[in-house]
Amino acid sequence: MSIRRYLVLILLSVITLVTFIAAIEGYNASMQKASSIFDAELKILANTLIAIEAAPEQQDKTLLEAGAQTNLAFQLWQGNDLVLKSNNAPDRRMSQKKSGFTENNFLGQRWRTYVKSSGSDGGRMVILAQPVQRRFELAEDVILSAVLPIILAMPLLALFISLTIRQALKPLTHLTKELKSKKPNDLSLLQTHTKTKELEPVVYTLNHLFERLSGAFERERHFASDAAHELRTPLSVLKINVHNVRNELGHESQAMSHLTESVDRMAHVVDQILMLNRTSPEQVSLDSTEVNLTSLIQQTISDLYPEIAQREQTISLESEEQIIRGNEFSLRILIQNLISNASKYTPDGGAIQVSTARVQERLVLVVEDSGPGIKPEEYQRVFNRFYRVGGDQHNSKIIGCGLGLSIVKHIAVLHNADIELSQSPELKGLKVSVSFTQENNKVARLAANQTTNQAINKVSSTANALLPEDSDG
Amino acid sequence: MRILLVEDDMPLAQGLQQSLRHEGFVVNHVNTGQLALNALAVPDQDMVILDLGLPDMDGLSVLKKLRNNKADIPVIILTARDSIEHKVKGLDFGADDYLAKPFDIHELLARLRVIERRLGTAKTSVIQLGSVQLDIAAHKVGIDGQDINLSKKEYMVLKALMENAGRIQSREQIESRLYDWGEEVASNAVEVHVHNLRKKLPEKFIQTVRGVGYTVNKS
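Now for a look at the structure at hand. Values in this document were obtained by computation on a predicted structure and should not be read as measured data. (Residues numbered from 1 in each chain as written. Chains lettered and ligands numbered in written order. Predicted model: local features only at pLDDT ≥ 70, side-chain atom pairs only at ≥ 80, totals over all residues. Heavy atoms only, no water.)

1. What to know about helix H5 (residues 105-119) of chain B
All names here are of chain B.
Right, so step 1: Taking 1.5 Å of rise per residue, 15 residues should cover 21 Å, and H5 covers 21 Å from first to last C-alpha, within 8% of that figure.
Right, so step 2: Turning to H5, its buried residues are Ile105, Glu107, Leu108, Leu109, Arg111, Leu112, Val114, Ile115, Glu116 and Arg117.
Right, so step 3: Backbone geometry just downstream of H5 places Gly120 in the positive-phi region, at approximately 80 degrees. (Helix = DSSP H or I, 4+ residues; strand = E, 2+ residues; numbered from the N terminus. Expected span 1.5 Å × (residues − 1). Buried < 20%, exposed > 50% of the residue type's maximum accessible area, 1.4 Å probe, protein only.)

2. What to know about the packing of helix H8 (residues 293-310) of chain A against helix H9 (residues 328-344) of chain A
Residues and elements named next belong to chain A.
Right, so step 1: Closest axis-to-axis distance for the H8/H9 pair is 9 Å, and the angle between their directions is 40 degrees. By the angle class used here, H8 and H9 are oblique. Considering the relative orientation of H8 and H9, their crossing is right-handed. Between H8 and H9, the residues in contact are Leu293, Leu296, Ile297, Gln299, Thr300, Ile301, Asp303, Leu304 and Ile308 and Glu328, Leu331, Arg332, Ile335, Gln336, Ile339, Ser340 and Ser343, respectively.
Right, so step 2: Here the residues of the contact of H8 with H9 sort into nine nonpolar, five polar and three charged. (Axes fitted to C-alpha atoms, helices over the stretch in contact; angles between N-to-C directions. Parallel < 35°, antiparallel > 145°, perpendicular 65-115°, else oblique. Left-handed = near helix turned anticlockwise from the far one by under 90°. Contact = heavy atoms within 4.5 Å. Nonpolar A, V, L, I, M, F, W, Y, C, P; charged D, E, K, R; others polar.)

3. Brief notes about the environment of Thr205(A)
Right, so step 1: Relative to the elements of secondary structure, Thr205(A) occurs in helix H5 (residues 200-249).
Right, so step 2: One polar contact links the side chain of Thr205(A) to the main-chain carbonyl oxygen of Pro201(A), over a distance of 2.5 Å. (Polar contact = N/O pair within 3.5 Å; in protein donor to acceptor, adjacent residues only side chain to side chain.)

4. Things to note about the sheet that holds strand S11 (residues 418-423) of chain A
All names here are of chain A.
Right, so step 1: In space, the five strands of this open sheet follow the order S7-S9-S10-S12-S11, with mixed pairing throughout. The two strands at the open ends of the sheet, each matched to only one other strand, are strand S7 (314-318) and S11. Sheet twist, expressed as the mean angle between neighbouring strand axes with direction ignored, is 15 degrees.
Right, so step 2: Where strand S10 (residues 362-369) meets strand S12 (residues 430-437), seven bridges bridge the pair, whose relative direction is antiparallel. Bridge pairing in S12 places Val366 opposite Ser433.
Right, so step 3: Docked against the sheet, H8 engages S7, strand S9 (351-359) and S10, running at close to 175 degrees with respect to S7. (Pairing = 2+ DSSP bridges.)

5. Remarks on the interface of chain B and chain A
Right, so step 1: With 31 residues of chain B at the contact, the number on the chain A side is 30 residues.
Right, so step 2: For the salt bridge of Arg210(B) with Glu318(A), the shortest nitrogen-to-oxygen distance reads 2.5 Å.
Right, so step 3: Looking at the side of chain B that touches chain A, the elements that each hand over two or more residues are helix H1 (10-22), helix H4 (84-92), H5 and strand S11 (206-209) of chain B.
Right, so step 4: Of all the elements, H1(B) adds the most residues to the side of chain B that touches chain A, at seven residues. (Salt bridge = Lys/Arg side-chain N within 4 Å of Asp/Glu carboxyl O.)

6. Structural notes on the pairing of strand S7 (residues 132-135) of chain B
All names here are of chain B.
Right, so step 1: Judged from the four bridges that link them, strand S6 (residues 126-129) and S7 form a sheet pairing that is antiparallel. When the sheet's bridge partners are listed, Gln128 is paired in S7 with Gln133.
Right, so step 2: The antiparallel pairing of S6 with S7 creates a hairpin that spans two residues between the two strands, and Gly130 there sits at a positive phi of about 60 degrees.
Right, so step 3: Hairpin connection, S7 to strand S8 (residues 140-143): the antiparallel pair is bridged by four residues, and His139 has positive phi, about 55 degrees.

7. Things to note about the pairing of S11(B)
Residues and elements named next belong to chain B.
Right, so step 1: Here S11 runs beside strand S12 (residues 213-216); their pairing, made up of four bridges, is antiparallel. Each residue of the ladder has a partner; that of Gln207, found in S12, is Thr215.
Right, so step 2: Hairpin connection from S11 to S12: three residues lie between these consecutive antiparallel strands, with Gly211 at a positive phi of about 85 degrees.

8. Description of the side chain of Gln322(A)
All names here are of chain A.
Right, so step 1: Along the polypeptide, Gln322 turns up in the loop between S7 and strand S8 (323-326).
Right, so step 2: Engagement of the side chain of Gln322 in a polar contact is seen with the side chain of Thr356, the distance being 3.4 Å.
Right, so step 3: Aside from chain neighbours lying at most four places away, what touches Gln322 is Val291, Asn292, Leu293, Thr294, Thr356, Ala357, Arg358 and Leu363.

What follows is the structure, encoded as structure tokens:
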């Protein structure tokens, strides 16, 4: 529920309720006031009438009719005789009381009567009667004229309250809008400047948080590129010097080929660990663009072709032009890892097939090979970090560290894609299918955003944990 | 061929110099971008191996300044950064080739030879793959010493493939070579040329990587 609607509703309800109660109170008070005024009038009139010692014949006709106009009825009794009465008065005595006020019914309505007697039993008696209805009418008139303006003003009041609240909540609305329009990985400071006492600490705290978070991300990003530089340059030195020593030796030795192999393996592990870091959500979901998946696959096959050709494997690509929304860098890593995995685990002279297809709104990327494949019971575990099929009996000639498929999984999750492992029906080896959902890129982005926080912790702990573990083994 | 090596990491520079000298290249080494620009102000270098991570300026700025100044001197970029943007930028700024660290020295040598042959500074202008020889200087192709007749375009296609032996050349890459020649290219031109080349060359010399492009094997 919006605060504005809530406030408008509550305020209007309270105002209506208070007005209503005030009206009831006012009505009662007006009624009392009207009663006492009318009573006093009756009293004065009765006193005046009884004081007039005039004969009935001498009475002015107008006096008798005046009663009819004001609804005031009167009777003048001399003992038990009705001497004089107004036209609207009945013939019976209007009040049985000897003196004072009473209320009774006659002539079809309720009357307030006042009796004034002069002296003893046989003396004159004036009875004045006024319909009670008159008092109600007066009280209603008074209260209505007091309450009506408020009731008429109610819509105006509602509008005014609504506008005022909207104005008062403007800083909050502004802040909400800004937060809403922020991209998942936009950690820039909030532009909302507010002097509002309630919002200032919120904006301040949020900005502080953003600052710290972007600092952390920045360090994370730098870690990857710094580590890349710090590790890759010495690795290059190693490789070149191994080459130079080989040249100097002038002949092949087993020690030298072990050395070459180990350097290559180390280079590979370093590369994969950096990839794992580079493809972490906060690094990747920054820029998602339209990516030509087909040309990306073509480029990747070209990049990997020397290794594939060296092992006399054949590779083919079956793909229409497919455009996908995602992060180009990480998609390239995904394809690279899948194809290089297929090549690694396929014997010399084997075959690798890469294809893409649209299956019910989904874009499916398939990499299959003629290698030994993976047993179905191992399908889940191969995505674990450092897990290698066959464990220690693993063919040690194959350079790998068990991170390839973890990285693939990482990237697939980022793109909201599913990975499925199965046996290739044609080549009999492993078949990896990565299916991308085309329509819910928004969802993918949201998911990426949500996993960001968890993933930051996971990745940084991985990065920290990986290095010592690696050196142990 | 005289190579200017721009690299700030001394052990790497020394190792590289040793390897390159062993292959018969003349190597001059500088370790900052400014020194590189100074050295290239006089035209006595044939090509540059440029590391992107330099202490005084970004390697890309060195490349940019170099290209602004005039020089169409060939440049191979070395970098420890793995981002694709750097590769694309490097090539956009006019680098001739790109190698990511840790690179294979054989890969570097292969690319140097392509440049060498292009510059005409190679000891031999002949690329020999299996029984096929391609003489870049004489624009001649032979099988076991027997010259064969190729059209200009067929020669260009074969040269592109043999210069990059072991690597895949996509149809687009080959097409761009033909465009360089200044010819209009029909949509199936490359297929037609490859088809004709295959008839004149040994069986399986040009291989098709289905969906990607063509290649010839290194050996």
